[in-house]
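Coordinates in review
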Amino acid sequence: MDDNVVIVKFAEESKAYQALSDLNRLGDDGKVDVRSAILLERTDDGFGIPEGADTAEGFDMVAGGLIGMLVGVLAGPVGVLLGASMGTLAGGTADLARLADEDLALDGISKDIEPGSTALVAEVGEYAVEVLDEAMGALGGTVTRRPASDVYAEVVAAEDAENDADWAAFISKLDEQRAERKAKWDAFKEKASARIS
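What you see is a predicted model; the values in this text were computed from it and never measured.

This part covers the packing of aromatic side chains. Scanning all chains against the criterion turns up 3 aromatic pairs. Each ring, one from Tyr 152 and one from Trp 185, has its centre 5.8 Å from the other, and the planes form 55 degrees; the classification is tilted. In this pair, Tyr 152 is assigned in helix α8 (residues 148–158) and Trp 185 in helix α10 (residues 181–196), connecting sequence segments 33 residues apart. A network of ring pairs unites the aromatic residues Tyr 152, Trp 185 and Phe 188 as a single cluster.

This is how it looks when you write it as structure tokens:
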């Protein structure tokens, strides 16, 4: 089973609410292991939860889980920095310019959710990616995936980055954590599973 953070974007915002319900059903049917899911919108001011999303059928945000951590980072100062784009953040420094060529999960997620749109964001265990791709495709959704361990490592590294001056520290810490992220991710999953049990 692959542990992923999936982002599903739609041309019509109403489809995101239906997708949340359909994802919940796939989880109930045992086709996808849905750990947590949320609707996330991006405005000109940053990221947040759309009005009424927390009462939508299928809403499942586990406090302290990976999606909760991700929302906390995206809704905070790091999300504002990500919204400024990697090119702006790179500012000509060699390390940041080098990182602009790498596949950063947080930057990818921020680009996947375009300003003025609402997307479904979920942490899932997938036996076969086709299951989610087909269900979301039927609603006109486009699915992108990031390994959950990558997202976890970046979220942990970003939690202390609160302004432009901290961005270089974030990048440095991220580089250090890439080598050990799988072990940390497994420990986090075990702890989260113990809380749910």
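Moving on, we come to the packing of helix α1 (residues 13–28) against helix α7 (residues 129–137). Axis separation between α1 and α7 bottoms out at 10 Å; the angle between their running directions is 145 degrees. Both α1 and α7 take part in a crossing whose hand is right-handed. Side by side, α1 and α7 meet where Ala 19, Asp 22, Leu 23 and Leu 26 of the first sit next to Val 131, Leu 132, Ala 135 and Met 136 of the second.

Quick look at the side chain of Asp 150 now. Within the secondary structure, Asp 150 sits in helix α8. Residue classification places Asp 150 among the buried residues on the basis of a relative accessible area of 15%. Asp 150 has contacts with Ala 105 and Arg 181, leaving out every residue within four places of it along the chain.

Of all 8 residues making up strand β1 (residues 2–9), 6 are buried, and the element is well covered by its neighbours. Sheet topology places β1 next to strand β5 (residues 142–147); 6 bridges connect them, and they run antiparallel. Bridge pairing links Val 8 to Val 143 in β5.

The next thing to look at is the confidence of the model for the protein. Across the protein, the average pLDDT comes to 76, with 68% of residues at 70 or higher. Per-residue pLDDT, averaged within each element of the protein, yields its smallest value for helix α4 (residues 86–90) (38) and its largest for α7 (95). Residue range residues 58–63 is modelled with pLDDT below 50. Its contacts to residues more than four positions away, or to other chains, number 18 contacts. Within the model, pLDDT remains below 50 along residues 84–101, and this stretch shows 19 contacts once partners closer than five positions in the same chain are excluded.

This paragraph deals with the nonpolar core. One finds Val 5, Leu 66, Leu 70, Ile 109, Ile 113, Val 121 and Val 151 to be the most contacted residues of the largest nonpolar core, which totals 25 residues. Broken down by secondary-structure element, the contributors of at least two residues to this core are β1, β2 (32–43), α2 (66–75), α6 (105–112), β4 (117–126), α8 and α10. Of all the elements, α2 adds the most residues to this core, at 7 residues. Not counting residues up to four positions away in its chain, the partners in contact with Ile 109 are Val 5, Ile 7, Leu 70, Leu 74, Arg 146 and Val 151. Core analysis: the second largest hydrophobic core is formed by 19 residues, Val 6, Phe 10, Ala 122 and Met 136 among them.

With 16 residues, α1 ought to run about 22 Å at 1.5 Å a step, and its terminal C-alpha atoms sit 24 Å apart, in line with that. Taken residue by residue, α1 has Ala 16, Ala 19, Leu 20, Ser 21, Asp 22, Leu 23 and Leu 26 as its buried positions. Looking one or two places after α1, you find Gly 30, whose phi comes out positive at around 75 degrees.

Rules used in this analysis
- Residues numbered from 1 in each chain as written.
- Predicted model: local features only at pLDDT ≥ 70, side-chain atom pairs only at ≥ 80, totals over all residues.
- Heavy atoms only, no water.
- Phe/Tyr/Trp six-rings, centres within 6.5 Å; stacked < 30°, edge-to-face > 60°.
- Helix = DSSP H or I, 4+ residues; strand = E, 2+ residues; numbered from the N terminus.
- Axes fitted to C-alpha atoms, helices over the stretch in contact; angles between N-to-C directions.
- Left-handed = near helix turned anticlockwise from the far one by under 90°.
- Contact = heavy atoms within 4.5 Å.
- Buried < 20%, exposed > 50% of the residue type's maximum accessible area, 1.4 Å probe, protein only.
- Pairing = 2+ DSSP bridges.
- pLDDT = per-residue confidence, 0-100.
- Core = buried A, V, L, I, M, F, W, Y, C linked by side-chain atoms within 4.5 Å.
- Expected span 1.5 Å × (residues − 1).

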